[in-house]
Each structure stands twice: as structure tokens, then as C-alpha cells.
Amino acid sequence: MKDLLTETAARAARYINQIGSRPVAPPPEAIAALQALGGALPQTASDPAETMRLLDDIGSPATVATTGGRYFGFVTGATLPAALAANWLAGAWDQNAAMRVMSPTSAALEEIVRTWLVDLLCLPSSSEAGFVTGTTMSNFSALAAARSALLQRAGWNVEEDGMFGAPPIRVIVGEEVHVSLLKALSMLGMGRSRVTTIPADDQGRMRADRLPELDERTIVCIQAGNVNTGTFDPAREICSRARNAGAWVHVDGAFGLWAAVSPKYAPLLDGAGEADSWAIDCHKWLNVPYDSGIAVVREPEHLRRAMTVTAPYLQSSNLREPWHYTPEASRRARAIELWAAMRSLGRDGLREMIERNCRQARLFADRLRHAGCEVLNDVVLNQLLVSFGRADQTRRVIAKIQEDGTCWCGGTQWQGHTAMRISVSSWATTDEDVERSAAAMIRIARAVKAG
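Counting restarts for each chain, with residues numbered from 1 along the sequence as it is written. Confidence filtering applies because this is a predicted model: local features only for residues at pLDDT of at least 70, side-chain atom pairs given and counted only at 80 or more, and all residues used for totals across whole chains, interfaces and linings. Heavy atoms throughout the structure, all of them, feed into the side-chain values; hydrogens and water do not.

K.L.:
Would you take a moment to explain the pattern of salt bridges for this structure?
P.N.:
Close approach of charged atoms allows side chains of opposite charge to pair. Salt bridges are defined by distance alone: a side-chain nitrogen of Lys or Arg within 4 Å of a carboxyl oxygen of Asp or Glu. Counted by the stated rule, this structure contains 25 salt bridges. A salt bridge links Asp291 to Arg334; its shortest N-O distance comes to 2.9 Å. Pair noted here: Asp291 is in the loop between β6 (277-281) and β7 (293-297) and Arg334 is in the loop between α10 (300-307) and α11 (335-370), with a separation of 43 residues, a long-range link. Note on classification: 1.4 Å probe, protein chains only; a residue is buried when its accessible area is under 20% of the maximum for its type, exposed when over 50%, partly exposed between these limits. Residue classification places Arg334 among the buried positions, given a relative accessible area of 5%. The shortest N-O distance in the salt bridge between Arg396 and Asp392 comes to 3.3 Å. Of this pair, Arg396 and Asp392 both sit in helix α12 (residues 391-404), 4 residues apart, which is roughly one turn of the helix. Overlapping salt bridges bring together Glu7, Arg11, Arg14, Asp56 and Asp57 as one network. Only DSSP runs of H or I reaching four residues or more are called helices, and only runs of E reaching two or more are called strands; each is numbered from the N terminus.

K.L.:
Looking at this structure, how should I read the sheet that holds strand β3 (residues 196-198)?
P.N.:
Each strand in a sheet pairs with another by means of backbone hydrogen bonds, the pair being arranged parallel or else antiparallel. Across the sheet, 7 strands lie side by side as β1-β7-β6-β5-β4-β2-β3; this open sheet has mixed pairing. Each having just a single partner strand, β1 (128-132) and β3 make up the two edges of the open sheet. Mean inter-strand twist for the sheet, computed between neighbouring axes without regard to direction, equals 20 degrees. Only when DSSP finds a minimum of two bridges between them are two strands counted as paired. The sheet contact formed by strand β2 (residues 170-174) and strand β4 (residues 218-223) spans 4 bridges and is parallel. Residue Val171 lies in a different strand from β4, and its bridge partner there is Ile219. The axes are straight lines fitted to the C-alpha atoms, using for helices just the contacting stretch, and the angles between their N-to-C directions are given from 0 to 180°.

K.L.:
I keep staring at the pairing of strand β5 (residues 248-252) and nothing clicks. Help me out?
P.N.:
Consecutive residues of a regular strand have side chains that alternate between opposite faces of the sheet. The buried fraction of β5 is high, at 5 of 5 residues. What you see with β5 is no split at all: Trp248, His250 and Asp252 on one side and Val249 and Val251 on the other are buried throughout. We call a crossover right-handed when, viewed with the strands running away from us, the connection from the first strand over the helix to the second turns clockwise. The parallel pair β4 and β5, bridged by helix α9 (residues 235-245), forms a crossover whose chirality is right-handed. Judged from the 3 bridges that link them, β5 and β6 form a sheet pairing that is parallel. Within β6, the residue paired with Val251 across the bridge is Trp278.

See the structure below:
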């Protein structure tokens, strides 16, 4: 085992050391070579070292270099050194994070991370948190708590009686609602298409002046960090109206809530701490390994009631039991990596990373505008949208950029425009990475236009 782990660590270190010199997207031949990992399952056992050699030799060249500094797609963070090392140690520990008796270490770290998190993000100190896979399950968990709370007020126990015959709940979303929230609503039985959709302004912010009358059976879902433009819905006005009406406000803050750690960007979140629940992604801007998300709920009993199950063989204590706050029972101990990331960065390191990425997004915008490209949004955070002319030209430029391998960006549709989306959310991104990537984008855009 020791020799195997030593060799595997050496292979992982070599992969990381070479990440900056390889194409961000894998070449077609590397993807085609993945077929060598298949075929019939061997009849007899294989040497673990030989298995790892095959996995590295065939698998590593076909990966996307998301842990490097020039991947700007899908708001994807890299992996902080301490978080990756903690992930390895957590794998060796192999802890089931469901119950305190199964992993005292994991249970303790969840409490520590929860305390640090609500303080960093300026959320109510009494809030409870569930450690889940990502924003989809963060939204799911928080909205399950909202559904439970609102129906309980109406005299309905949704955990026992389900949604058949339940009093109706109205869900309000913005025009720019993220698909993960709609998926969460569908899984909760509240439907994707039954929402009330509020128009957005030219930057994607919900128009608070277009909100209908709210009541005690309404959930208003707002965004902190639009996935295209990085903008924030007007939380203070919306939360004030909702509180007066007894409505619930949920904040989809997958990456945008991390802006709270910076005095420069925290004003974008004005009023967001007045909401009732929040969804946070940690494998985005906190830069921990996949998968990692957190659902935070102001009133702990609502999350616990929505998630708790009991059985004679499940051993509980009078202390906080992690499995009372998540959809899963058996799950990996994600708090280990979260603790390592937060402690290794500290407040100053996390603030510096957030502010650096935002500055780098503005640097991208400056370089591309100067070259004649059109930046379609106000760059208020770490997201920008770029048009290279006609829709077909922009699509060709995106495809050529992905083929080129210098960097990787994806496409999107934004208010009638075909655009390339640039998300700067990696601790590993340097100004040199931005300059090199912008130069490649400009070179390719000019070649497409000339052709």
C-alpha cells in the first residue's frame, strides 16, 4: 500500500507540475485513446500498481486542465494546494460523514466550517448548514426547508403527507434564474414551469418593481452572482417586501456570495443577509475539489425537519448530528477540504483571491475592448460576456479558441446575443495567464474575421 500511494502521489505531482504547459482541452487522439480503458472486465485480479499506471497513462492526457490558470469555463475553480492535500488525507481516512459516532473528526470540522462560513459571508450566526454536492443540492435542501416551513404554517406536514392535496405554494424567480434552481424545484414537486417569472434588467438583475403582491405562502428566489454577467438581484428591497408579507427569500449565491469577504465587493450583496436561506458552491470560488456545496438556513429547525429520518439502528447523540441536515445519509466528509482551504487562506488570502480574480476579469475586458471586441456586460465581478461580431462569427471564434488549447471558454446566449462567457475563478490564474489568453482570443478572432 505504501509503495502504491507513493507512486500515485508522484504521478499526481507530475500531472500538476505539467498542467501549465499542456493544452487546456485534451487533443482528439487522447480522447480516442480512452477506449483502451474498456473492453471486457478482466477475469483475474490485476496488480494495483499496473492499474494505476494504465489510469494515469491513458486517463491523464484526456483530462481538461481545469486545475491550471487558463480555464475560464463554467465558473470552475481549481484546487488549492491545502485542499487537495486534505482531499488525499480524507481519502485515506475514508470517513462516512453521516453521524458523529461514525466520524467525530468530520462532525467537528462541519461545525467549525459552519461557524467560519456564516461569519465570512455575513449570514446570521445561528444559521444551520448542510454539506452537500453542489449548488443543485444546496438549492434543493434550502428549498425543501422553505417548503416545509411554509406548509407547516398552513397546517400541513409535507414530510408526512407529501404534496398531494397540500396548500399551494407560489414560487417567484427572476428571468435569469439558473437551471439548477429549476431542477431543484422539479425534484421537490413544485414544478419548473409553474413559477412566476419576473423580468430582468439589461444586466440580468431581477426587476424588484415588477414583483407581485407577496404572502405567507410565497418563496422568492433571488440571485447573488448572475452566471453570465456576475450581477446581483436587489436583495434589500426584495427581502424587506418579503419579510413584511411573511414570504420566504432564498438566495442562489453559488459563487457570488463569496464576494462578501471583500470590502470592495461586499456592497453588491446589500440585504442578502436578510434572506431565509442561501445556496453556496465551494468547488467554484473557494477552490476546493469536486464535489462541494453548502445549504444554509436561517432557522435550523426548518432544515432539520425537512431532512431528518430516524430508525432504531441509527445512533444519535444530543450534539449536532450531520445527517439531520442533508438529503444523503452516507456521504464523504467534505468539511475536511473546506477546513483546510479556509485555514490555509485565512481571511486575507480569501479576500486577495476574490479581488485578484475580479481585477483579472476587468483586465480581460480592457484587452478585448481595445482590440475591437464587444464586451456585452458591465464587469462588476468575475464574469464577462464577449461578442466577436455576428452570431456565426462568435461561434466560430469560440470553437477555434477551444481547439487552440491556450485557454478554454464556453458560449452562451445573452439577451438576443451569441456570446463567449469568461469566468475568472481560479486561485492559479495569473496576470500572465490573462494576457496570454487574451492575446490568443484576439489572434483567433482576427483570423476568423479575415477568413
